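Breakdown of the fold
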Amino acid sequence: MASPYDPLSPRYIDSLRDRDCDRDRDRNAYYYRRSVSPSLRSLTPPPTPPLEDLSSATIELEASKDSKITAVSVYSSQAEITRVFNLTVKAGLNQLLVNGLPKAMEGDTLRVEGRGLATIHDVTVNYIPSSTIHASSETLDGLYLSQKRTENALKRAKHSLKSVEAYLSATDPQNVDVTKLPDAVKTYESTAMELDDTILELERQCKVIDMDIRKERGMLQSATGQKGKRLPGSMRASIGVFAEDAGKLEVVLIYAVRNASWKAGYDIRVDMKTEEKPVQLVYKGAITQTTGEDWSEVPLILETANPTFGVSVPKLDPWTLSIKQPVPLAPSRGMGAQPIIIRDTYRRSRSRSRSRSRSPARHRISSPPIQHRVMDVSSQGTVSATFSVPGVLSIPSDGHAHNVTVATLSFSATMNWLCIPKKDTRTHLTAKIKNASEYTLLPGSASVYLDGSFISKTKIPLVSPDETFDCPLGIDPSIRVTYPPRSKKVSKSGFYTKSTNYVYQQRMTVFNTKTRAINGFKVVDQFPISEDANITVKRINPALVHPTSEPPKPGGITLTTSGSSLDLKSISTVNVSKGVVAQWDGADDVENGDVPIEDVGKEGKVAWICSIPAGSKLGLLLHWEVTTPVRAEVNGL
């Protein structure tokens, strides 16, 4: 029977452990905290680990194999990933090494959360450079082992040679018997020579083994037809976790990645046969990511907020005024001072652009249309909104745009036709669309379809709810406009002061070949503008008056600009015929504040607003008279 005082006796070990527990207050507090309720335990500081728990357990984790992405939030220039690990930890300190995190991860954005009775101590992130893994075999593994052994033996031989040389250098000749000195020198020579031979032989063996390794690699590559596998660089997260008890633990990593974005795109479909809400807008999101990790079957959220870094409120610098003092000229070394010449350069540039769109052939589909899966607005504020994709979605890291449908919206719109026959007799169709939805339309490109046919591509600006925007719908070939050459009559008048009178008439014809009437057809032409006091222009038809040429009318709305009173009634429309009114171009934008009232009519542009019945023709006339001095050459006529 073992003695109770035997060092190997269990009773003796238990007595020492009990004695240490009685002497250590922190350890008593530790066991007390383990016995309290979980709610109180969350209020106490992390326990002091006992002596036997000081050794940490290292747990290696691979991000792609040991975890799953549970949520992805995509912003305009980055994305936020939520990755969940389920693992088993030991009681005490556990060091989690998470390998294979994407290289595009922003290390300073990593957040660690989880569930379980554990405390997170520290989190560090470092970059692991790329490496190459070659194909292996038993022969190659044996060569690697021999290479390692030979390299270690070579290191030992070199170290032994240095030790012998250091010993001989440290020996004091005065303390050595002269009769034993020759033996010491011979011993050093023989030992050093033996070590030199060993080093040379080991170096030769290293070269032979290296050649054999290259030969074996070449044979393996010829047999498999593949080179060594190159592992890309990745990020590694090291997380220290102290667990009170051994068991299962859920660790959640939340981090931001670069090379991920989404942008808005639209399909605008206009049905001219539908009077109520003829516009259908398909709101799409194009998601692109090259983060290095695939998003497989994950819930996806599109964020309209744009995270900014390092943006601060700008500050105004003091704006001071002072009298400019002349700069004294430095005296010249020669006979006289050279004058300073300052030259100002003015540049003028003009640019003209024309855009034309073509309409392809129509394609009729008799089967019912396929419905799009639309998103939910999970949260909406005055600044940004969040779109949640129903179900799950897979977005590989391939750099291609993957489209998802945010919403399918139906809008009411006002159709406007515009023709400027002096430049182009074709009619341009534009829809003024009101965003009556709860969605904010982000800037993006749009494909426009008119009655099922692709018309053109356009850009959608930032449109808030209840805001309107213009959408060009291309050329409408069903409305034909003719613009023949204008007629001209010349006459002379005056007894003492003779003058030359030029009378011009420009006729236009609009033919509506549609099977229904159109309203809001706009034709724009222009009167000439005189820049000389000797040249007068009389506007005959339509008889429009410039708003600054008459005093304000009673009861009119009066605006005061630059010392003159302007009346909005003076720019009212003129009835030309049934269904046709004429006005200065831009007069509709005066009340909105887009065009100053004093600029209305300055360029002589006239607009006819017409209502044309189905299958009908409409004639318009622009009539004016120009009076100039006799024998005067006038530019522009």
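Provided above is the structure to which this section pertains.
Below you will find a few notes about this structure. Position numbers for residues start from 1 in each chain and track the written sequence from start to end. Only residues with pLDDT of at least 70 get local features here, since the model is predicted, and only at 80 or more are side-chain atom pairs given and counted; chain-wide, interface and lining totals rely on the full set of residues. For side-chain calculations, the full set of non-hydrogen atoms in the structure is used, while hydrogens and water are omitted.

1. Section: the overall build of the chain
The numbering of helices and of strands both runs from the N terminus, where a helix is a DSSP run of H or I of at least 4 residues and a strand a run of E of at least 2. Helix and strand counts for the chain come out as six helices and 34 strands. Working definition: with a 1.4 Å probe on protein chains only, accessible area under 20% of the residue-type maximum means buried, over 50% means exposed, and in between means partly exposed. Across the 637 residues that make up the chain, the buried fraction comes to 32%. A contact between two residues is defined here by any heavy atoms of the two lying within 4.5 Å. Counting contacts in the chain only where the partners sit at least 6 residues apart, residues at least 24 apart contribute 74% of the total. Exposure was quantified through the Shrake-Rupley algorithm and a 1.4 Å probe, taking into account, for residues, occlusion by the shown protein chains and nothing else. Accessible surface, the chain: about 42,500 Å² in total, of which carbon and sulfur atoms supply 52%.

2. Here's the deal with the sheet that holds strand β21 (residues 444–450)
Being paired, for any two strands, means DSSP has found at least two bridges between them. Sheet architecture is open: five strands sit in the order β18-β12-β11-β21-β22, paired in mixed fashion. The sheet is open, and its two edges are formed by β18 (402–411) and β22 (453–460), each paired on a single side. Taking each pair of neighbouring strands and ignoring which way they run, the sheet shows an average axis angle of 20 degrees. Sheet topology places β21 next to β22; seven bridges connect them, and they run antiparallel. Within β22, the position partnered with Y449 by the bridge is F454. Structural elements are reduced to axes, namely lines fitted to C-alpha atoms, with helices fitted over the stretch in contact, and the angle between N-to-C directions of any two is expressed from 0 to 180 degrees.

3. Describing the nonpolar core
In this structure, L253, Y283, W295, F521 and W608 are the most contacted members of the largest nonpolar core, which totals 97 residues. Per-element accounting of this core gives the leading share, six residues, to strand β11 (residues 260–270). Other than its neighbours up to four places away in sequence, L253 contacts I81, T82, R83, F85, V98, L101, L110, R111, V112 and I239. In terms of nonpolar packing, the next biggest core, distinct from the first, is built from nine residues, L154, A157, L161 and L202 among them. Note on terminology: a nonpolar core comprises buried Ala, Val, Leu, Ile, Met, Phe, Trp, Tyr and Cys residues joined through side-chain atoms within 4.5 Å.

4. Brief notes about the pairing of strand β27 (residues 518–526)
Where strand β19 (residues 413–420) and β27 come together, three bridges link them in parallel fashion. Bridge pairing in β27 places C419 opposite V523. With eight bridges connecting them, β27 and strand β33 (residues 605–612) associate as antiparallel partners. The residue of β33 that forms the bridge with V524 is A607.

5. Re a negative patch on the surface
Residues forming no salt bridge and having over 30% relative accessible area are the ones grouped into patches, like charges within 9 Å of each other and nonpolar side chains (Val, Leu, Ile, Met, Phe, Trp, Tyr) within 5 Å. For salt bridges, the criterion is a side-chain nitrogen of Lys or Arg within 4 Å of an Asp or Glu carboxyl oxygen. The charge count treats Lys and Arg as positive and Asp and Glu as negative. His and the chain ends do not count. A single reference atom marks each charge: NZ on Lys, CZ on Arg, CG on Asp, CD on Glu. A cluster of acidic residues, E165, E194, D196 and D197, forms a negative patch on the protein surface. Looking at the negative patch, the element that brings in the most residues is helix α6 (residues 181–224), giving three residues. Mapped onto the secondary structure, E165 falls in helix α5 (residues 138–170).

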